[in-house]
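Results of the structural survey
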Amino acid sequence: MHTELQNLRERIQTCQLCPLSRTRAHAVPGEGPENPSVMLIGEAPGRNEDEQGKPFCGAAGKKLDELLTHAGVARQEVFITSMVKCRPPENRLPTLEEASTCKSHYLFPQMHVLKPKMIGLMGKVAIEHVLGENISLTQMHGKTLEKNNQTYMILYHPAAMIYNQALKQTMMEDFKELGKWIEKK
Ligand code: URA
């Protein structure tokens, strides 16, 4: 594995920079290829992810798999991670401080090393913390935008499908758009 990526992975797994480190079982650095066309960023690990140290391996992960399959994308083709790498207790929202710490030490460095063509920001937490602005998901989902020489796509979080079945069709269409950014060999 790319040494910088591996180095980040190890630092995330042993991180003690914020209070989430005291309640987590495992930090979840993320997984995927070293040169992905697409990187996906969610919110934070949940119970299953915390237990296994793997991203999106619980209920939201099943929905993500469904969306990727529909888009004709193999999960192994994309790099999947979350805004914060440790589970917040009771799945509460990460605090501004937790998100800022994780972002500057781990998420932005991961983005820098991976250099994806497209970053899919899945849900409000990733959108707000990565872009530093409040963007309407209802108006912007499925759309791309450029910031600091990086292309982003605004996406609903896969878990939104669990709570709102009516979003499924829309989300499948958005992921199809995302799939177009994957370079097929
Ligand atoms: N939700 C996320 O945002 N990330 C995970 O890894 C799992 C659920």
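Preceding block: the structure.
1. A closer look at the site of the ligand
- The local shell around the ligand consists of Gly42, Glu43, Ala44, Pro45, Glu49, Pro55, Phe56, Ser82 and His157.
- Here an oxygen atom of the ligand and a backbone polar atom of Glu43 are 2.5 Å apart.
- In this structure, a nitrogen atom belonging to the ligand sits 2.8 Å away from a side-chain N or O atom of Ser82.
- Taken by itself the ligand offers 240 Å² of open surface, and the protein chains cover 93% of this.
- Under a 2 Å grid-point criterion requiring more than half of the atoms, the pocket assigned to the ligand is the largest pocket.
- By residue class, the composition of the shell around the ligand is four nonpolar, three polar and two charged.

2. Details of unusual backbone geometry
- Of note, Phe56 is a non-glycine position whose phi angle comes to about 45°, a positive value.
- One non-glycine residue with positive phi stands out, namely Glu90, at about 55°.
- Residue placement: Glu90 occurs in the loop between β2 (79-82) and α5 (96-114).

3. Considering the sheet that holds strand β3 (residues 118-122)
- Taken in spatial order, the five strands make up an open sheet running β2-β1-β3-β5-β4, and their pairing is mixed. The sheet is open, and its two borders are formed by β2 and β4 (144-147), each paired with just one other strand. Neighbouring strand axes in the sheet, compared pairwise and without regard to direction, differ in orientation by 25° on average.
- Note: β4 against strand β5 (residues 150-155), four bridges, orientation antiparallel. Bridging from a neighbouring strand, Glu146 pairs with Thr151 of β5.
- Together, β1 (38-42), β2, β3 and β5 form the strand contacts of α5, whose direction differs from that of β1 by roughly 170°.

4. Side note on the pattern of salt bridges
- Evaluation of the coordinates by the stated rule reveals eight salt bridges.
- Linking Asp65 and Arg75 is a salt bridge whose minimum nitrogen-to-oxygen distance equals 2.9 Å. Highlighted residues: Asp65 in helix α4 (residues 59-70) and Arg75 in the loop between α4 and β2, separated in sequence by ten residues.
- Among the residues examined, Asp65 registers a relative accessible area of 30% and is labelled partly exposed.
- Glu177 is the salt-bridge partner of Lys180, the closest N and O atoms lying 2.8 Å from each other.
- Of the residues examined, Lys180 reaches a relative accessible area of 61% and is grouped as exposed.
- Among the residues examined, Glu177 registers a relative accessible area of 33% and is labelled partly exposed.
- Salt bridges here are not isolated pairs; linked through shared partners, they connect Glu31, Asp65 and Arg75.

5. As for the pairing of β3
- Burial within β3 is extensive, with five of its five residues counted as buried.
- Both faces of β3 are covered, namely the face carrying Met118, Gly120 and Met122 and the face carrying Ile119 and Leu121.
- As paired elements, β1 and β3 share four bridges and run parallel to each other. Directly across from Met39, in β3, lies its bridge partner Ile119.
- Bridge count between β3 and β5: five bridges; the pairing is parallel. Each bridged residue has a counterpart across the sheet, and for Met118 the counterpart in β5 is Thr151.

About the criteria used
Residues numbered from 1 in each chain as written. Predicted model: local features only at pLDDT ≥ 70, side-chain atom pairs only at ≥ 80, totals over all residues. Heavy atoms only, no water. Near = heavy atom within 4 Å. Polar contact = N/O pair within 3.5 Å; in protein donor to acceptor, adjacent residues only side chain to side chain. Areas by Shrake-Rupley, 256 points an atom, 1.4 Å probe, with all protein chains shown as cover. 1 Å grid on protein atoms, 1.4 Å probe; cavity = no way out; pocket = protein on both sides within 12 Å on 5 of 7 lines; lining within 4 Å. Sits in = over half its atoms within 2 Å of the grid points. Nonpolar A, V, L, I, M, F, W, Y, C, P; charged D, E, K, R; others polar. Helix = DSSP H or I, 4+ residues; strand = E, 2+ residues; numbered from the N terminus. Pairing = 2+ DSSP bridges. Axes fitted to C-alpha atoms, helices over the stretch in contact; angles between N-to-C directions. Contact = heavy atoms within 4.5 Å. Salt bridge = Lys/Arg side-chain N within 4 Å of Asp/Glu carboxyl O. Buried < 20%, exposed > 50% of the residue type's maximum accessible area, 1.4 Å probe, protein only.

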